[in-house]
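# Fold and geometry: a report
What follows is the residue order along each chain.
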Amino acid sequence: METARLPFFVYGTLRPGGPHHDRFLRGRSRAEEPARLHGAVLYAGPGYPYAVEASRGPGAVVAGELVTARPEAYDDLLSALDLLEEYVPGDPRNLYDRVARTVVRDTDGAPVRAWVYVAAPAVAARLRARGTPIEGGTWPVR
């Protein structure tokens, strides 16, 4: 699955209007569509959010955008997002893990498999114990 060319589900600073949107996505995306990740809770981080997958039960819903990369920009975008999220496959020090999950497009309710950067296990455990959930699952674009 690691080599799959999936779209990306973004829910924080990469959303339109967010501080990283233009730098990372402008010119690299073919489409950006509102979507939702079910079974996760959004937590506040130090200037950016974490999606934490529900450990039991359905969890909540995280709002974001489904980003389809331009084919010629895909590899560059994947590398750039991994670098932004400080994600290194298999590294136990990761703050985020990049995982394939099903998100639901708002426009037509279609399920779409996408890459999602979720809180790594140690970070998720800390957030569940002491974190601040974001009511409504929507990171405010500043």
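Now for a description of the structure that goes with this document. (Residues numbered from 1 in each chain as written. Predicted model: local features only at pLDDT ≥ 70, side-chain atom pairs only at ≥ 80, totals over all residues. Heavy atoms only, no water.)

### As for the sheet that holds strand 2 (residues 29-38)
Read once around its circumference, the closed barrel built from five strands follows the order 1-5-2-6-7, with strand pairing classed as mixed. Within the sheet, the average angular offset between the axes of one strand and its neighbour, ignoring direction, is 50 degrees. Inspection of the sheet shows strand 2 paired to strand 6 (residues 96-105) by two bridges, in the antiparallel sense. By the bridge assignment, A35 is partnered in strand 6 with R105. (Pairing = 2+ DSSP bridges. Helix = DSSP H or I, 4+ residues; strand = E, 2+ residues; numbered from the N terminus. Axes fitted to C-alpha atoms, helices over the stretch in contact; angles between N-to-C directions.)

### Side note on the pattern of salt bridges
Under the defined criterion, the tally for this structure stands at eleven salt bridges. One salt bridge in this structure joins R70 and E72, with 2.9 Å as the shortest N-O distance. The network of salt bridges with common partners includes E33, R105 and D108. (Salt bridge = Lys/Arg side-chain N within 4 Å of Asp/Glu carboxyl O.)

### Points about the packing of aromatic side chains
With the rule as written, the count across this model stands at six aromatic pairs. With 5.5 Å between their ring centres and 25 degrees between their planes, F8 and Y74 make a pair best called stacked. Residue F8 is found in strand 1 (residues 8-10), and its partner Y74 is found in helix 2 (residues 74-84); the two are separated by 66 residues along the sequence. Taken together, Y48, Y50 and Y96 form an aromatic cluster joined through their ring pairs. Across the ring face of W115, the terminal group of R98 is positioned such that the distance to the ring centre comes to 4.6 Å. (Phe/Tyr/Trp six-rings, centres within 6.5 Å; stacked < 30°, edge-to-face > 60°. Lys NZ or Arg CZ within 6 Å of the ring centre and 35° of its normal.)

### A few points about unusual backbone geometry
You will see that E86, though not glycine, has its phi angle at about 55 degrees, which is positive. Within the element layout of this structure, E86 appears in the loop between helix 2 and strand 6.

### Section: helix 3 (residues 121-130)
Taken residue by residue, helix 3 has V123, A124 and L127 as its buried positions. Take helix 3 and look down its axis: the buried residues cluster within an arc of 100 degrees, on one side only. What points out from helix 3, more than 90 degrees from its buried face, is the exposed set P121, A129 and R130. Where helix 3 is buried, its residues touch strand 3 (40-44), strand 4 (49-53) and strand 7 (111-119). (Buried < 20%, exposed > 50% of the residue type's maximum accessible area, 1.4 Å probe, protein only. Arc of directions from axis to C-beta. Contact = heavy atoms within 4.5 Å.)

### What about the side chain of N94?
Counting through the fold element by element, N94 comes out in the loop between helix 2 and strand 6. In this structure N94 comes out as buried when scored by relative accessible area, which is 5%. At 2.8 Å, the side chain of N94 and the backbone oxygen of V88 are in polar contact. Reaching out from N94, the side chain makes a polar contact with the backbone oxygen of D91 at a distance of 3.1 Å. When near neighbours in sequence (up to four residues on either side) are disregarded, N94 contacts E86, Y87, V88, A120 and V123. (Polar contact = N/O pair within 3.5 Å; in protein donor to acceptor, adjacent residues only side chain to side chain.)

### Some points on the nonpolar core
If you look at the biggest cluster of nonpolar residues, it comprises 42 residues, and the most contacted ones within it are F8, F9, Y11, L37, V62 and V103. The leading source of residues in this core is strand 7, at seven residues. In this view, F8 contacts E65, L66, V67, A69, Y74, L77, L78, L81, A114 and W115; residues no more than four positions away in its chain are not counted. (Core = buried A, V, L, I, M, F, W, Y, C linked by side-chain atoms within 4.5 Å.)

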